[in-house]
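Coordinate analysis (summary)
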Amino acid sequence: MARGRFITLEGPEGAGKSTHLALLAERLRAAGVPVLTTREPGGTRLGEAVRALLQYDAAGEAPTPTAELLLFLACRAQLMDEVIRPALERGEWVLSDRFCDSTFAYQGYGRGMDLAELKALNRFATHAWKPDLTVLLDIPEEESRARVAGRGRADRFEREQDAFHRRVAEGFRALAKGSARILRIDSTGAREETARAIWAAVETLLQKERDHDA
Ligand code: Z5A
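Per chain, the residues get numbers from 1 upward, laid out in the order the sequence is written. Local features are withheld for residues below a pLDDT of 70 in this predicted model, meaning they are given only at 70 or higher, and side-chain atom pairs are given and counted only at 80 or more; totals for whole chains, interfaces and linings count all residues. Each side-chain value is worked out from all heavy atoms of the structure, with water and hydrogens disregarded.

**Thoughts on the overall build of the protein**
When helices and strands are tallied, the protein shows 8 helices and 5 strands. Mapped in sequence order, the helices and strands of the protein form the string β-α-β-α-α-β-α-α-β-α-α-β-α. Our radius of gyration looks at C-alpha atoms and nothing else; its globule reference is 2.2 Å times the residue count to the power 0.38. Computed over its C-alpha atoms, the radius of gyration of the protein comes to 17 Å, within 12% of the 17 Å expected for a compact globule of 214 residues. In terms of overall dimensions, the protein has a C-alpha envelope of 55 × 35 × 30 Å along the principal axes. Every helix listed is a DSSP run of H or I at least four residues long, and every strand listed is a run of E at least two residues long, numbered separately from the N terminus.

**A look at the site of the ligand**
Here, proximity means that at least one heavy atom of the residue falls within 4 Å of the molecule or strand. Lining the immediate environment of the ligand, one finds 29 residues, of which S18, T19, R51, R98 and R151 sit closest. In the environment of the ligand, an oxygen atom lies 3.2 Å from a nitrogen or oxygen atom belonging to the side chain of R76. Counting of polar contacts relies on pairs of N or O atoms within 3.5 Å, with two restrictions inside protein: one atom must be capable of donating a hydrogen and the other of accepting it, and residues adjacent in sequence are counted only when both atoms are side-chain atoms. One of the side-chain N or O atoms of R151 is found 2.6 Å from an oxygen atom in the ligand. Starting from 1,100 Å² of accessible surface for the ligand in isolation, the protein chains cover 85%. Think of a 1 Å grid over just the protein atoms. A cavity is a set of points where a 1.4 Å probe fits yet cannot get out, a pocket is an open set with protein on both sides within 12 Å along at least five of seven lines, and lining residues have an atom within 4 Å of a point. Molecules are considered to sit inside a cavity or pocket once more than half of their atoms lie within 2 Å of its grid points. Here the ligand occupies the largest pocket. For the shell around the ligand, the secondary-structure elements that each account for two or more residues are α1 (17-30), α2 (45-56), α3 (65-89), α4 (100-110) and α6 (141-148). Looking at the shell around the ligand residue by residue, the class counts come to 7 nonpolar, 11 polar and 11 charged. Residue exposure ignores everything except the shown protein chains as possible cover, and the areas themselves are Shrake-Rupley values with a 1.4 Å probe. Asp, Glu, Lys and Arg are counted as charged, while Ala, Val, Leu, Ile, Met, Phe, Trp, Tyr, Cys and Pro are counted as nonpolar; the rest, among them Gly, fall into the polar class.

**Quick notes on the sheet that holds strand β1 (residues 6-10)**
Pairing is parallel across the open sheet formed by 5 strands, whose spatial order is β2-β3-β1-β4-β5. If you trace the sheet from one side to the other, it starts and ends with β2 (35-39) and β5 (182-186), each paired once. Within this sheet the neighbouring strands show an average axis-to-axis angle of 20°, counted without direction. Examined bridge by bridge, β1 and strand β4 (residues 133-138) share 4 bridges and lie parallel to one another. In the strand pairing of β4, I7 is matched with L133. Strand contacts of α3: β1, β2 and β3 (93-97), with the helix running at about 160° to β2, the strand carrying the most contacts. Only strands that DSSP links by at least two bridges are regarded as paired with each other. Between the N-to-C directions of two axes lies an angle of 0 to 180 degrees, each axis being a line fitted to C-alpha atoms and, for a helix, fitted only over the stretch in contact. Contacts between residues were defined by any pair of non-hydrogen atoms, one from each residue, lying within 4.5 Å.

**Topic: the pattern of salt bridges**
When a carboxyl oxygen of Asp or Glu is within 4 Å of a side-chain nitrogen of Lys or Arg, the pair counts as a salt bridge. Tallied over the full model, the rule gives 18 salt bridges. Linking R76 and E40 is a salt bridge whose minimum nitrogen-to-oxygen distance equals 2.7 Å. Of this pair, R76 sits in helix α3 while E40 sits in the loop between β2 and α2, and the two are 36 residues apart along the sequence. When a residue's accessible area, from a 1.4 Å probe over protein chains only, is under 20% of the maximum for its type it is buried; when over 50% it is exposed; and in between it is partly exposed. For R76, a relative accessible area of 1% puts it in the buried group. The exposure class assigned to E40 is buried, which follows from its relative accessible area of 5%.

Spatial relationships are all this shows, so hold off on functional conclusions.
Have a look at this one:
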């Protein structure tokens, strides 16, 4: 059986990752593709427990930047070994709400950690498995802030300064510029328009797969 495909959705808060991940999963399933959806941090019992430490300081103190990085990578290692790799090997398509590019954008561009070091650590945590396609949902920082405003208790990242969010958003754009794997899609327009652009890219991947199997 052919290995499944691995697609990640990335972008700043409120860009529409969860919304578009659900729409894409529905569309792929309608096309007869077995799909597994997951998210980071999370997607495993360990990952969901660590998510509370990372977003809401559930241990009673905030992690230092280094501890924060290692906690994200621990979640990723568990998710990769327990969920993503087995699903891909079963021939399923895996859609993840955030993955390695969030580490590069938030810890790299946002916190100022060394990108080459982050890439090496990420390779270690994932056994060098990479997404086949990454969709970067891009929205201006003000729009991102407006979409998440009034959603209830802000998490540790949402409470960061505007300058941090600006660095993260610019970081995502820089990552997309330097990578054929990352497709940047404007997510400010109508939801249907964004969904159409995402589907066009995924359909190309699906067609290639079907041509290969034919
Ligand atoms: N993080 C990190 O630092 N390092 C890492 O390695 C990883 C993560 C993996 C996880 O949060 C936090 O961890 C995150 C980065 C950090 N920081 N923050 N904050 P998360 O992923 O759980 O949280 P999030 O990004 O804040 O999720 P979100 O706000 O739910 O964003 P979303 O999934 O992109 O958006 P959504 O749920 O689809 O909601 C979008 C809203 O906009 C929704 O109300 C829509 O109705 C509305 N809206 C309006 N127009 C549109 C269009 N056109 N399309 C889509 N949605 C639209």
